[in-house]
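Here is what each chain is made of, one letter per residue.
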Amino acid sequence: MTNPPSITIMGLGYVGLCTAVSFASKGFRVSGYEIDEGKVEQINSGKATFFEPQLDTLLERSLRNGFVASRKIMPADIYFITVGTPSKADGGIDLKYVRSASHDLGRSLRNSDGCRLVVMKSTVTPGTTEKVAAPIIQAESGKAVGKDLGLVANPEFLREGSAIEDSLKPDRLIIGEMERKSGDTLLNFYGTLYRNRMPEVLRTTPVNAELIKYANNAFLATKVSFINMIANLCQKVPGADVEVVARGIGVDNRIGMAFLRAGPGWGGSCWPKDLRALKTAFSESGVEAPILDATMEVNESQPFRLVEAAKELLGDLKGKRVAVLGLSFKPDTDDVREAVSLRVIGALLDEGAKVSAYDPAAMENARKVLGGKIAYASSSVEAIKDADCCIIMTEWSEFGKLGPEDFRSNMKNLVVIDGRRVYDPSKLSGMRYAAIGLNRTQETRILGGG
Ligand code: UDX
């Protein structure tokens with residue numbers, strides 16, 4: 001093994017590319033293996049294949065530092081597997097990319113000498129690293145895992161919108177080692193990468209590492225579904241406001257403030273998929289998962305609360321113009337995968353409404369899904385022009401800058417439904433305003449309506 005070790009990242013999707021440029025920008029010798037020729041060309045030309053803050057700058061720096069994407073597996077000391085694990089129809093995850101990457105990697109290691117390390121970063125169900133990846137790599141390489149070849153499950157916790165930051169300053173490292181030496185090698189690498197900012201380390205078995213990733217996401221999703229459930233009660237209780245309730249429980253340091261923002265539900269490329277996979281793992285083990293079921297159930301109905309609010313304030317939505325601000329599943333990303341905006345738009349269209357939408361980054365991706373069903377505005381002001389109602393779906397900071405004057409001078413009907421609590425209702429006098437988790441008698445009181 002060279003010092004510092006050379007790295008090959010297998011799969012340049014979201015996690016792979018963010019991980020690759022984070023390592024390469026710090027001076028490590030990194031190459032990326034990717035089977036999609038288009039992606040390889042685009043990345044090598046310096047253009048990231050998706051939007052993520054800091055990614056373009058880091059990709060540029062990485063290419064200058066020698067980073068290269070390739071359809072060949074470049075020999076390295078450490079191989080990180082970062083391929084996708086999409087959902088199957090039954091909710092479990094499809095391991096075909098994990099299998100093919102393990103196969104390709106095993107083949108490429110057949111004639112290699114020296115001890116290499118393989119790191120499973122993809123989110124995989126418990127047992128996959130040892131029971132699926134290890135046998136394939138072993139069979140194809142002719143090398144014994146644990147003896148000639150190291151293998152560690154090391155899940156990532158990258159959040160879209162801050163993936164580079166999370167990659168460069170993670171709060172913990174979960175090292176699921178098959179044997180001690182592999183864990184030591186990976187920790188040495190991370191020691192060189194993070195130096196005096198080494199995060200908390202937990203050394204465990206691969207199966208525990210795999211479980212930690214799922215339990216982590218399921219716990220956070222449960223926290224959000226919990227506050228969404230409380231928000232629904234707040235809406236019915238005169239004078240109640242979920243923001244105040246969340247602040248009040250969040251200061252309890254056993255609970256914490258994070259992930260207590262009530263909203264129209266959670267989405268994205270990870271949580272829905274991971275929770276379905278975890279649910280399948282429970283079912284396959286014959287264990288009940290009532291909390292997981294409830295977390296998912298709350299999230300199923302939550303987006304429709306916004307449509308109900310629109311109906312309450314406008315009556316029949318047939319022929320009404322509804323502006324939807326925000327399409328990405330959260331701010332600072334162009335990702336619309338399992339975004340709740342898509343479900344809200346679908347329900348609005350079913351009610352016969354005409355939708356005009358705007359998002360600072362996700363227009364192109366939304367268009368791929370929604371096609372000609374809605375109108376696409378080039379700004380938030382254009383989206384609300386002549387609208388009967390405006391629904392805030394994603395808390396992009398620029399939406400918070402829309403003032404009462406913007407609504408007044410552009411909308412036909414002054415109805416704002418704040419799905420993300422972006423506005424201070426006391427500043428929207430004269431408007432009809434409904435918000436997740438805010439009782440409307442309180443809103444009327446604040447607006448001076450009696
Ligand atoms: C998540 C995990 O946080 C990350 O560690 C994991 O590895 C990948 O999945 P991400 O999908 O980027 O990251 O989104 P995250 O920031 O966790 O938010 C998930 C969803 O919950 C979003 O739809 C977001 O809008 C929603 N959310 C989050 C809330 O509605 N309220 C909150 O308080 C927090």
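Above this note sits the structure.
The structure reproduced in this document is the subject of the present report. Only a predicted model underlies this, so the values are computations on that prediction, with no experimental measurement involved. (Residues numbered from 1 in each chain as written. Predicted model: local features only at pLDDT ≥ 70, side-chain atom pairs only at ≥ 80, totals over all residues. Heavy atoms only, no water.)

### Section: the overall build of the protein chain
In step 1: Secondary structure summary: the protein chain contains 18 helices and 14 strands in total.
In step 2: If one aligns the C-alpha atoms of the protein chain with their principal axes, the spans along those axes are about 80 × 45 × 45 Å.
In step 3: Taken over 450 residues, the protein chain has a buried fraction of 53%.
In step 4: A separation of at least 24 residues holds for 72% of the contacts in the protein chain among residues at least 6 apart in sequence. (Helix = DSSP H or I, 4+ residues; strand = E, 2+ residues; numbered from the N terminus. Buried < 20%, exposed > 50% of the residue type's maximum accessible area, 1.4 Å probe, protein only. Contact = heavy atoms within 4.5 Å.)

### Points about the sheet that holds strand β12 (residues 389–392)
Adjacent strands of a sheet form backbone hydrogen bonds with each other and so pair up, either parallel or antiparallel.
In step 1: A sheet is described by the order of its strands in space; here six strands give the open sequence β11-β10-β9-β12-β13-β14, paired in parallel fashion. Sheet topology places β11 (375–376) and β14 (432–435) at the edges, where each strand pairs with a single neighbour.
In step 2: Two strands pair when backbone bridges link them, and strand β10 (residues 354–358) and β11 are joined in this way by two bridges, in the parallel orientation. Along β11, the bridge assignment pairs A357 with Y376. (Pairing = 2+ DSSP bridges.)

### Considerations on the pairing of strand β6 (residues 149–153)
In step 1: Within β6, five of the five residues are buried, which leaves it mostly tucked inside the rest of the structure.
In step 2: Taking every second residue as pointing to the same face, both faces of β6 are buried, with L149, L151 and A153 on one and G150 and V152 on the other.
In step 3: Relative to β6, strand β5 (residues 116–120) runs parallel, the two sharing five bridges. If you follow L117 over to β6, its bridge partner there is G150.
In step 4: Between the parallel elements β5 and β6, the chain passes through helix α5 (residues 128–141) in a crossover that is right-handed.
In step 5: When β6 meets strand β7 (residues 172–177), the two strands line up antiparallel, connected through two bridges. Bridging from a neighbouring strand, V152 pairs with E177 of β7. (Right-handed = clockwise from strand over helix to strand, strands pointing away.)

### A short note on the packing of α5 against helix α8 (residues 206–236)
To describe two helices that pack against each other, one gives the angle between their axes and the distance between the axes.
In step 1: At a closest axis distance of 8 Å, the pairing of α5 and α8 adopts a crossing angle of 115°. Taken together, the axes of α5 and α8 lie roughly perpendicular to each other. Contact residues: α5 offers T128, T129 and E130, while α8 offers P206, V207 and E210.
In step 2: Taken together, the residues of the contact of α5 with α8 break down into two nonpolar, two polar and two charged. (Axes fitted to C-alpha atoms, helices over the stretch in contact; angles between N-to-C directions. Parallel < 35°, antiparallel > 145°, perpendicular 65-115°, else oblique. Nonpolar A, V, L, I, M, F, W, Y, C, P; charged D, E, K, R; others polar.)

### Describing the pairing of β7
In step 1: β7 sits mainly inside the fold: five of its six residues count as buried.
In step 2: Bridge count for β7 against strand β8 (residues 200–204) is five bridges, and the pairing is parallel. Across the sheet, G176 pairs through a bridge with T204, a residue of β8.
In step 3: For the crossover from β7 across helix α7 (residues 180–194) to β8, the handedness is right-handed.

### A short note on the site of the ligand
In step 1: Within the structure, the ligand sits among 18 residues, and E160, F259, R261, G267 and K330 are positioned closest to it.
In step 2: A distance of 2.6 Å separates an oxygen atom of the ligand from a polar backbone atom of E160.
In step 3: At 2.7 Å from an oxygen atom of the ligand is found a side-chain nitrogen or oxygen belonging to K330.
In step 4: Sorting elements by how many residues they give to the shell around the ligand places α8 first, with three residues.
In step 5: Split into classes, the residues belonging to the shell around the ligand amount to nine nonpolar, two polar and seven charged. (Near = heavy atom within 4 Å. Polar contact = N/O pair within 3.5 Å; in protein donor to acceptor, adjacent residues only side chain to side chain.)

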